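Each chain is listed here by its residues.
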Amino acid sequence: MLNTEITISELAHLMQVSVHQIRYFEEKGILYPAYTADNQYRMYGIDQIYRLSHILLMRKMGLSVQAIRQWTNEGTSDRMEQLLRQSATRIEAEMARLRSLTEFIHKVLEEKASTETEASAYQRVQREVSYLSSWFTIDKETKLDARMLAQQGDTIPELFKTNIHYLYEEGGPIRLCTEARQENGDIVLPEGEYLVYRFSAKGEEDIEHHYERFESYAERHSLLLTGPRMLVEKSYLSLFSQDDIHYEWLARIDRTLQL
DNA sequence: GTTCTTACA
DNA sequence: TGTAAGCA
């Protein structure tokens, strides 16, 4: 019987891969046809089918085409074991990355949901101790612009997932901070009860206006605020609207005045 | 009609 | 990795 071998498209169909990919494997030196016919067609036999199965399995398990070629040239079973372990480690790291990414998405969604269920924009909340990392300070009269951020030297790759805090310290300039873990934070927000006022605004005037409401709310409810007043830019709530920016005014409640 | 090579996004 | 052109 003539023609026990099959053409590239038959092999591709059989193995559920593209013709292109089979030629690619050849170019990379890991799969060659049984022979080339007179018309220059690549012809593949049973050995190539098994070989391609192995290649596809190794690719699925995360081995690069280059690693497959190198192992084919000079590979031991120990080496293959090592390659597979490395691959599993890489994949587990990727799973962890994806896990934390979905957790972050859920955190954003929860934050959105919680703002929508809150009856009042004002909340008294008990907070654990938390830490901020100073970024730089800015004069009260100066407006924040792109150049100032660029000139700070440090990059903030995770600017989008951290809430920027503007600390208004008594008499001093405004201090911009990012949320930090204890070890790299230089500002401690002590545990205690805080007054939180959520609002959204488009411009500076709005923010000041809301600050006045924040202070007058505290006064009306006989709350004595202490420590810096903090403006928190809720960066991921702002994801949900085109041109509003979501903020919180935040300050620690020292004590409640007796009437 | 199918495959081959080469080039390109 | 897919797509396309020009050939055999």
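To start, this report covers the structure provided alongside it. Owing to the predicted nature of the structure, the values given are computational and were not obtained by experimental measurement.

Rules used in this analysis
Throughout this description, residue numbers start from 1 for each chain and increase along the sequence as written. Chain labels run from A onward and ligand labels from 1 onward, assigned in the order the entries are written. Per-residue local features of the predicted model are confined to residues with pLDDT of at least 70, and side-chain atom pairs are confined, for both listing and counting, to 80 or more; whole-chain, interface and lining totals are unaffected and use all residues. Note that the side-chain values use all heavy atoms of the structure and ignore hydrogens as well as water. Each residue gets one of three labels from its accessible area relative to the maximum for its type: buried under 20%, exposed over 50%, partly exposed in between, using a 1.4 Å probe on protein chains only. For the purposes of this entry, the term helix denotes a DSSP run of H or I that reaches at least four residues, the term strand denotes a run of E that reaches at least two, and both are numbered from the N terminus. When DSSP finds two or more bridges between two strands, those strands count as paired. Computed over the protein atoms alone on a 1 Å grid, cavities are sets of points where a 1.4 Å probe fits but cannot get out and pockets are open sets with protein on both sides within 12 Å along at least five of seven lines; a residue lines them when it has an atom within 4 Å of a point. Grid points are joined across faces, edges and corners, and a volume is the space filled by probe spheres set on the points. Side-chain classes are defined by residue name, with Ala, Val, Leu, Ile, Met, Phe, Trp, Tyr, Cys and Pro counting as nonpolar, Asp, Glu, Lys and Arg as charged, and the others, Gly among them, as polar.

**Considerations on the pairing of strand S9 (residues 192-201)**
Most of S9 is tucked away: eight of the 10 residues are buried. One ladder, built from six bridges, connects strand S4 (residues 122-127) with S9; its direction is antiparallel. Paired with Gln126 across the two strands is Glu193, which belongs to S9. In this structure, S9 lies alongside strand S11 (residues 245-256), joined through eight bridges in antiparallel fashion. If you follow Val196 over to S11, its bridge partner there is Leu250.

**Looking at the layout of surface pockets**
Here the largest pocket defines a volume of roughly 740 Å³. Forming the boundary of the largest pocket are 26 residues, of which Tyr168, Ile174, Glu204, Ile207 and Leu231 lie nearest the centre. Elements represented by at least two residues in the lining of the largest pocket include exactly strand S6 (164-168), strand S7 (174-180), helix H7 (204-220), strand S10 (223-233) and S11. Ranked by residues supplied to the lining of the largest pocket, first place goes to S10 with five residues. Counted by class, the lining of the largest pocket contains 13 nonpolar, three polar and 10 charged residues.

Purely geometric numbers; function is a separate question.
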